[in-house]
Amino acid sequence: MSFSFITLILLTIWINMAQLQQGGPDEKEKTTALKDLLSRIDLDELMKKDEPPLEFPDTLEGFEYAFNEKGQLRHIKTGEPFVFNYREDLHRWNQKRYEALGEIITTYVYELLEKECHLKKVTLPVDATESEPKSFIFMSEDALTNPDKLMVLIHGSGVVRAGQWARRLIINEDLDSGTQIPYIKRAIEEGYGVIVLNPNENYIEVEKTKVQVQLSSDSSDEPAEKRERKDKIQKETKKRRDFYEKYRNPQKEKETVQLYIRDNGSPEEHAIYVWDHFIAESAAENVFFVAHSYGGLAFVELMIQREADVKNKVTAVALTDSVHNVWHQEAGKTIREWMRENCCNWVSSSEPLDTSVESMLPDCPRVSAGTERHELTSWKSFPSIFKFFSEASEAKNSSVQLAPTRRSNRIKYEEL
């Protein structure tokens, strides 16, 4: 049953109702009956009547797609890019197909992190029991032992997972622009250890019939203030996650329950947990963060919770179109001052790459990422970020404090 046919049925009912409303009592009774009929019509159910089964391949080959030598997703037979509207007038089915492909892409990127980038997968929590929900991160073999440099990558919110900046870019553009792989490979070439966070992997879903009680990571012996802040963060995270899950899976076939991962139930919790158990324990003298979009907010929350430790260990932070807000997050004066000296935010802008951009907030300098597309900011600012880190490292080693205006305008260290 096509969408246009359904529209025609509804239009006919509305016309009949309008005509009946002009008549006597009998006609008004019929109008009431038609209104009752209309209220019982479930558009979603009507759309499902003749919809093909929601059964999709579980491999790229099954979808008849593959990544070419340029890292572009192309149809195996036609060589054409991915087509969203595979079947006209079936938006829901097309959306489900896109989501199924997206899950395959996530697994594919995980495999690339291990096979091409030679990262290892580490389970969280570190003391997880066999039966409890788990997450994971990726890290290089020398992430905890490299005495010099460590790079930490944090993606934004939504459906992306470890190793990705934007799923849409991976599917419609290429792997270089949509994944963190170029950052990882260059970092390893330049002698960095690497840790890749997975801040959106906060829970597992199980069918409601299979579980009666949702697990909770709350600890009754936590201070009231800490527990209140955690509750606030989890509520905001759930609200945001529900929005993305609606986009990701608008018509769930089965009712599910979310079982949260202990101490990793939100991006903010995840960042703090990885800091406490890995980054803080690493041997690196210089730690560098690259945080995109909501990842920037997670980093600021980490600073609020671990200010002294972060200041002592982190050399520089590159944000890409970060959505942090130092007022909303109640970042103190000392944090804002540190961010002005040690952070830079590459934002979406029509200005050329690295051009200074005015900021309304009293935190880190803002410069153009050389693109107006939010999801492309990490890729477009890629060379500038490595230069920024190199200069920050040199400055620290030389005990020279670089002013934020210097960084935002790219004045070379030698010119100082």
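Here we summarise the structure given alongside this text. Here the residue index of a chain counts from 1 through its sequence in written order. Where local features are concerned, this predicted model is filtered to residues with pLDDT of at least 70; where side-chain atom pairs are given and counted, the filter is 80 or more; whole-chain, interface and lining totals use all residues. Hydrogens are left out, water is left out, and the side-chain values use all remaining heavy atoms of the structure.

1. Regarding the pattern of salt bridges
Stage number 1. Throughout this description, the term salt bridge denotes a Lys or Arg side-chain nitrogen within 4 Å of a carboxyl oxygen of Asp or Glu. Evaluated as defined, the whole model comprises 12 salt bridges.
Stage number 2. The partner of Glu64 in a salt bridge is Lys77, with the nearest N and O atoms 3.2 Å apart. On the criterion of sequence distance, the pair formed by Glu64 in the loop between α4 (60-63) and β1 (65-67) and Lys77 in the loop between β2 (73-75) and α5 (91-115) is long-range, its members being 13 residues apart.
Stage number 3. By relative accessible area, Lys77 is classed as exposed at 65%. Counting from the N terminus, the helices are the DSSP runs of H or I reaching at least four residues and the strands are the DSSP runs of E reaching at least two. Note on classification: 1.4 Å probe, protein chains only; a residue is buried when its accessible area is under 20% of the maximum for its type, exposed when over 50%, partly exposed between these limits.

2. Examining the side chain of Ser266
Stage number 1. Inspection of the secondary structure assignment puts Ser266 in the loop between β8 (256-260) and α10 (267-279).
Stage number 2. Whenever two N or O atoms come within 3.5 Å, that pair is a polar contact, provided that in protein one can donate a hydrogen and the other can accept it, and provided that, for residues adjacent in sequence, both atoms are side-chain atoms. Within polar-contact distance, the side chain of Ser266 engages the backbone nitrogen of Glu269 at 3.1 Å.

3. Points about the packing of aromatic side chains
Stage number 1. Pairing of aromatic rings covers Phe, Tyr and the six-membered ring of Trp, with a centre-to-centre limit of 6.5 Å; geometry is then stacked below 30 degrees between planes, edge-to-face above 60, and tilted otherwise. Evaluation of the coordinates by the stated rule reveals 21 aromatic pairs.
Stage number 2. Residues Tyr192 and Phe288 carry aromatic rings whose centres are separated by 5.6 Å and whose planes lie at 75° to one another, so their mutual orientation is edge-to-face. Taken together, the positions of Tyr192 in strand β6 (residues 192-196) and Phe288 in strand β9 (residues 286-292) put the pair 96 residues apart, joining distant regions of the chain. Across the pair, Phe288 and Tyr192 agree in class, each one buried.
Stage number 3. The structure contains a cluster of three or more aromatic residues connected by ring pairs, namely Trp165, Tyr183, Tyr192, Phe288, Trp346, Trp379, Phe382, Phe386, Phe388 and Phe389.
Stage number 4. Throughout this description, the term charge over a ring refers to an Arg CZ or Lys NZ atom that lies within 6 Å of the ring centre and within 35 degrees of the ring normal. The positively charged end of Lys149 is found above the aromatic ring belonging to Tyr192, 4.1 Å away from the centroid.
Stage number 5. One residue, Arg186, lies across the ring of Phe382, its end atom 5.6 Å from the ring centre.

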